[in-house]
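# A structural walkthrough
Spelled out, the chains give:
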Amino acid sequence: MHNIEPTVDYNDIICADTVAEPSAMVVFGASGDLAQRKLVASLYGLYEKKLLNEKFFLIGCSRTKLSDDEFRMRCKKSILSVHPDLNPDELNVFLSKFYYLSGQYDDQNYYQEISRKLDALSSKYKLCGCFVYYLSTPPTLFPVITGELGKSGLSYGGCADSCKKSRIVIEKPFGRDTSSSRELNAKIREYFDEHQIYRIDHYLGKETVQNILMFRFANSIFEPLWNRNYIDHIQITIAESLGVEGRYGYYDSSGVLRDMFQNHMIQLLSLVAMEPPVAFEADSIRDEKSRVVNALRDFKEEQIDELFVRGQYSSGNLDGKDVCGYREENELLANSNTETFLACKLMIDNWRWKDVPFYLRSGKRLKKKTTEIAITFKEVPHSMFSSVGIDKLTPNTLVLKIQPCEGTSLSFQTKRPGSKACMATLTMDYDYQEIFGTQMPEAYERLLLDCMVGDQTLFSRFDCVDKSWQYFDKVLAHWKKSGQAPYLYNAGSESFEEADALIKADSRQWRSL
Ligand code: BG6
């Protein structure tokens, strides 16, 4: 394999970004892990890039009792862990916009207090803009908080030029099956309209995931090939080397299907398979994505074990270190049958994709962390080189490398100098960070900015969430009914026999990790 270096024409770079609207952000679960690990540092990132409006303030809400200063100190630590070299004066100016209120999430008085604080700070900051409620709490609290916000009159629908409008940001998981997600949605919709609801899927905030749109729809050379006539099959892999860590409580009631497939995997699949949208605009894009999920081929219960292969990691060795199995992570998991790996085959019934299989796999404690979409093109219809003994030509593969080595690669055959018929597979490869010389921004920076701009493109619309749950519901129900344990695979491995058999049955194989 040989690599060809690409170049970038810096005179040709087109950028478009919008500064956030004047916004007040109310973060529920503000002392928790997600808020501290991702949100505050991402907000600082926006502030540093001058994308945060000058009229901005944040109210942290949670049950933990803290003063404004104690809250600022916590946030300072979190920000410094991500941006260690920043200017302390700048940081203090930024943190002076942070406030804190503790209370109980089901107590109406708490929301009255939040309302008064929002009014007082809005006057102080002369803020005529948007209140963004960010729910970074356990999912059981989503309906409680939205209900209380609504009852307290804080869910201002607002019109474009109104001084009081609001948006609500909901972290995943959005329900755990069709009925619970519909129930949650109905609760939120009692007080918020769809245009106010921002359902987070952090994969959509990743630069390389957004690049799928640019790659497909800002170039004309790929579109004629992007269909059943030229593509043999597509593999989407989200492999992780980490285990469940401290999140076993949540994970054990979820499993990889709910945790990764219903959301992240379906988003990647729909971006790669959708028809060209009319405009780079939220509903045009989300309409097309939704059509893909709608076209997923239905299956019978008796096909489930063949099409969806589950695994659970047992002990093994990763990077030279012995690691325990899933059931040993905590005594509560000793008898767990929760799947930590899933491989499946999906078909999309439309003109573009008829008979092109999509093989998807995701798992924890695999050999290494890697997320990629690999598009394998068909073999040449006839090898003229068979007369000189070359019958099997390696098909072209285009790989959209989502993480951690972000980039794109395309492999093709070429003549090797020397003998008359000697071929080599060449890979044209580029690495995002190397070529653009910049660190990849945290996915949450993009998502937070878009909430404050009012752009829902990178957020899941309910119809898509709903269709995705409907597709997977049958699988979940079948697993529950059968009570069968998943296959075991050793931590640190790439795959296991039964997962391999799924793709081997079609005379193909998984790409190596
Ligand atoms: C989260 C899942 O949504 O995504 C985690 O809950 C998973 O289990 C994580 O580890 C993976 O995200 P990333 O960005 O590291 O690929």
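My aim in this report is to walk through the structure given alongside it, one point at a time. (Residues numbered from 1 in each chain as written. Predicted model: local features only at pLDDT ≥ 70, side-chain atom pairs only at ≥ 80, totals over all residues. Heavy atoms only, no water.)

### Topic: the overall build of the chain
Counting its secondary structure elements, the chain contains 15 helices and 18 strands. Computed over its C-alpha atoms, the radius of gyration of the chain comes to 25 Å, within 12% of the 24 Å expected for a compact globule of 513 residues. The buried share among the 513 residues of the chain stands at 54%. Across the chain, the fraction of contacts at a sequence separation of at least 24, relative to all contacts at a separation of at least 6, is 77%. If you sum the accessible surface of the chain, you get close to 23700 Å²; carbon and sulfur atoms cover 51% of it. With 63 positive and 71 negative side-chain charges, the chain shows a spacing of 1 Å between the two charge centroids. (Helix = DSSP H or I, 4+ residues; strand = E, 2+ residues; numbered from the N terminus. Rg over C-alpha atoms; globule rule 2.2 N^0.38 Å. Buried < 20%, exposed > 50% of the residue type's maximum accessible area, 1.4 Å probe, protein only. Contact = heavy atoms within 4.5 Å. Areas by Shrake-Rupley, 256 points an atom, 1.4 Å probe, with all protein chains shown as cover. Lys, Arg positive; Asp, Glu negative; His and termini not counted. Charge placed at Lys NZ, Arg CZ, Asp CG, Glu CD.)

### Remarks on the site of the ligand
Lining the immediate surroundings of the ligand are Lys172, His202, Tyr203, Lys206, Glu240, Arg247, Asp259, Met260, His264, Lys364, Lys369 and Gln403. A distance of 2.8 Å is found between an oxygen atom of the ligand and a side-chain nitrogen or oxygen belonging to histidine 202. For the ligand, an oxygen atom lies 2.9 Å from a polar atom in the side chain of lysine 364. Considered on its own, the ligand offers 400 Å² of accessible surface; in the complex 81% of this is hidden by protein. Here the shell around the ligand takes 3 residues from helix α9 (residues 255-273), the largest share from any one element. By residue class, the composition of the shell around the ligand is 2 nonpolar, 3 polar and 7 charged. (Near = heavy atom within 4 Å. Polar contact = N/O pair within 3.5 Å; in protein donor to acceptor, adjacent residues only side chain to side chain. Nonpolar A, V, L, I, M, F, W, Y, C, P; charged D, E, K, R; others polar.)

### A short note on the packing of aromatic side chains
Within this structure, the stated rule accounts for 34 aromatic pairs. With centroids separated by 4.8 Å and ring planes inclined at 35°, the aromatic side chains of tyrosine 47 and phenylalanine 94 adopt a geometry described as tilted. With tyrosine 47 in helix α1 (residues 33-48) and phenylalanine 94 in helix α3 (residues 88-95), the pair connects residues that are 47 residues apart, well separated along the chain. Their ring planes at 75° and their centres at 4.9 Å tell us that tyrosine 198 and phenylalanine 459 sit as a pair that is edge-to-face. In this pair, tyrosine 198 sits in strand β7 (residues 197-199) while phenylalanine 459 sits in the loop between α13 (443-453) and α14 (462-482), placing the two residues 261 residues apart along the sequence. Here tyrosine 198 matches phenylalanine 459 in class, with each residue buried. A connected cluster of aromatic rings, assembled from ring pairs, spans Tyr251, Tyr313, Tyr326, Phe341, Tyr487, Tyr489 and Phe496. (Phe/Tyr/Trp six-rings, centres within 6.5 Å; stacked < 30°, edge-to-face > 60°.)

### Notes on the sheet that holds strand β3 (residues 56-62)
Taking strand neighbours across the sheet as the criterion, the 6 strands line up as β4-β3-β2-β5-β6-β7 in an open arrangement whose pairing is parallel. Pairing within the sheet leaves two strands with one partner each, and these edge strands are β4 (98-102) and β7. Within the sheet, the average angular offset between the axes of one strand and its neighbour, ignoring direction, is 20°. Relative to β3, strand β2 (residues 23-28) runs parallel, the two sharing 6 bridges. In the strand pairing of β3, valine 26 is matched with isoleucine 59. (Pairing = 2+ DSSP bridges. Axes fitted to C-alpha atoms, helices over the stretch in contact; angles between N-to-C directions.)

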